[in-house]
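Remarks on the overall topology
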Amino acid sequence: MDPSRYSVTESLRDGRRVEIRAVQPTDRPGLDGAVQRMSDESMYRRFFFPKRHFTEQEVAYYTDVDFVNHVSLVAVLEEDGRPLIVGACRYVVTEPGTAEVAFAVDDPHQGLGLGTLLMRHLATIARAAGLERFVAEVLAGNTAMLKVFEKSVLHASTRREHDVVHVTLALS
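Before going into details, it helps to say that this report is about the structure given with it. Just so you know, the residues in each chain are numbered from 1, in the order the chain's sequence is written. This being a predicted model, a pLDDT of at least 70 is required before a residue's local features are given, and a value of 80 or more before pairs of side-chain atoms are given or counted; all residues contribute to the totals for chains, interfaces and linings. The basis for every side-chain value is the complete set of non-hydrogen atoms in the structure, without hydrogens or water.

1. Re the side chain of Thr-98
We count a stretch as a helix when DSSP gives it H or I for four or more residues in a row; a strand needs E for two or more, and each element gets its number in order from the N terminus. Locating Thr-98 in the fold gives a position in strand E5 (residues 98–105). Burial classes follow relative accessibility: with a 1.4 Å probe on protein chains only, a residue under 20% of its type's maximum area counts as buried, one over 50% as exposed, and anything between as partly exposed. Residue classification places Thr-98 among the buried positions, given a relative accessible area of 5%. Here, two residues are considered to be in contact whenever any of their heavy atoms come within 4.5 Å of each other. Thr-98 has contacts with Val-92, Val-93, Leu-131, Arg-133 and Val-135, leaving out every residue within four places of it along the chain.

2. Re the sheet that holds strand E7 (residues 155–161)
In spatial order, the strands read E1-E2-E3-E4-E5-E6-E8-E7; together these eight strands make up an open sheet with mixed pairing. The sheet is open, and its two edges are formed by strand E1 (7–11) and E7, each paired on a single side. Pairwise comparison of adjacent strand axes, ignoring direction, gives a mean angle of 25° for this sheet. Only when DSSP finds a minimum of two bridges between them are two strands counted as paired. Only C-alpha atoms enter the line fits that serve as axes; for helices the fit covers just the stretch in contact. Angles between N-to-C directions range over 0 to 180 degrees.

3. Digging into the packing of aromatic side chains
Pairing of aromatic side chains requires ring centres within 6.5 Å, counting the rings of Phe and Tyr and the six-membered ring of Trp. Pairs whose planes differ by under 30 degrees are stacked, by over 60 edge-to-face, and all others tilted. A complete count under the given rule lists three aromatic pairs for this structure. Summarising the aromatic geometry, the rings of Tyr-91 and Phe-134 are spaced 5.8 Å apart at their centres and angled 45° between planes, so their arrangement reads as tilted. On the criterion of sequence distance, the pair formed by Tyr-91 in strand E4 (residues 82–95) and Phe-134 in strand E6 (residues 133–139) is long-range, its members being 43 residues apart. Comparing Tyr-91 with Phe-134, the two get one shared label, buried. Taken together, a centroid distance of 6.1 Å and an interplanar angle of 75° make the contact between Phe-103 and Phe-149 edge-to-face. One end of the pair, Phe-103, is in strand E5; the other, Phe-149, is in helix H5 (residues 143–151), and 46 residues separate them in sequence.

4. Structural notes on the packing of helix H4 (residues 114–128) against H5
Interhelical geometry of H4 versus H5 gives an angle of 45° and a closest axis separation of 9 Å. Considering their axes alone, H4 and H5 lie oblique with respect to each other. Between H4 and H5 lies a crossing whose hand is right-handed. Together, Gly-115, Thr-116 and Met-119 of H4 and Val-148, Phe-149 and Lys-151 of H5 make up the contact between the two elements. Residue polarity is assigned by list, with Asp, Glu, Lys and Arg as charged and Ala, Val, Leu, Ile, Met, Phe, Trp, Tyr, Cys and Pro as nonpolar; anything else, Gly included, falls into the polar class. Classifying every residue of the contact of H4 with H5 gives three nonpolar, two polar and one charged. Every angle not falling under 35 degrees, over 145, or within 65 to 115 is termed oblique; those three ranges are roughly parallel, roughly antiparallel and roughly perpendicular. A crossing counts as left-handed when the near helix is turned anticlockwise from the far one by less than a right angle, and as right-handed when that turn is clockwise.

5. Points about H5
Buried within H5 are the following residues: Met-145, Leu-146, Val-148 and Phe-149. Take H5 and look down its axis: the buried residues cluster within an arc of 155°, on one side only. Across from the buried face of H5, at angles greater than 90 degrees, the exposed residues are Glu-150 and Lys-151. Check the buried side of H5 and you find it contacts E5, H4, E6, E7 and strand E8 (164–170). What the arc covers is the set of directions going from the helix axis to the C-beta atoms.

6. Examining the environment of Arg-120
Mapped onto the elements, Arg-120 comes out in helix H4. Sequence separation between Arg-120 and Leu-154 is 34 residues, and the spatial gap between their C-alpha atoms is 9.3 Å. Between N or O atoms, a polar contact is any pair within 3.5 Å; within protein, one atom must be a potential hydrogen donor and the other a potential acceptor, and residues adjacent in sequence are included only when both atoms are from side chains. Within polar-contact distance, the side chain of Arg-120 engages the side chain of Glu-10 at 3.1 Å.

Next comes the structure, spelled out in structure tokens:
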């Protein structure tokens, strides 16, 4: 499997088709659009602090990935006859066998099952790469993301520390 060429089509809860595919450097405007459609609360849940703008270096980090130690997928819907990036996920290898994961879905498209679909496909790529576990830090109030982890077919263990839940997901 070549994760840099990954592309599948899935159905959302509302019946619409969504493409889950590898991020491309040309996705910068689409990712920026998704960020603009995210509320301050959604941005806070993703980054743990209010964030509205990204430096050129940060944008490059999110779009120019190596698909070995850093893998990123986007969710693309067709709206008004054109493709629209509505969500993204990534993993970054932090030590042998372990990768930290992160997810974001723009506000108008939350609650459609995108997080679950992104998780499933990211885990497929990670398993093929020989990874053994995902780790994540989630704000305790981010119940939507915690539910995605709970509902995944991956065995999850959690540990709460103040307002942050540390999640470990076994990939095997």
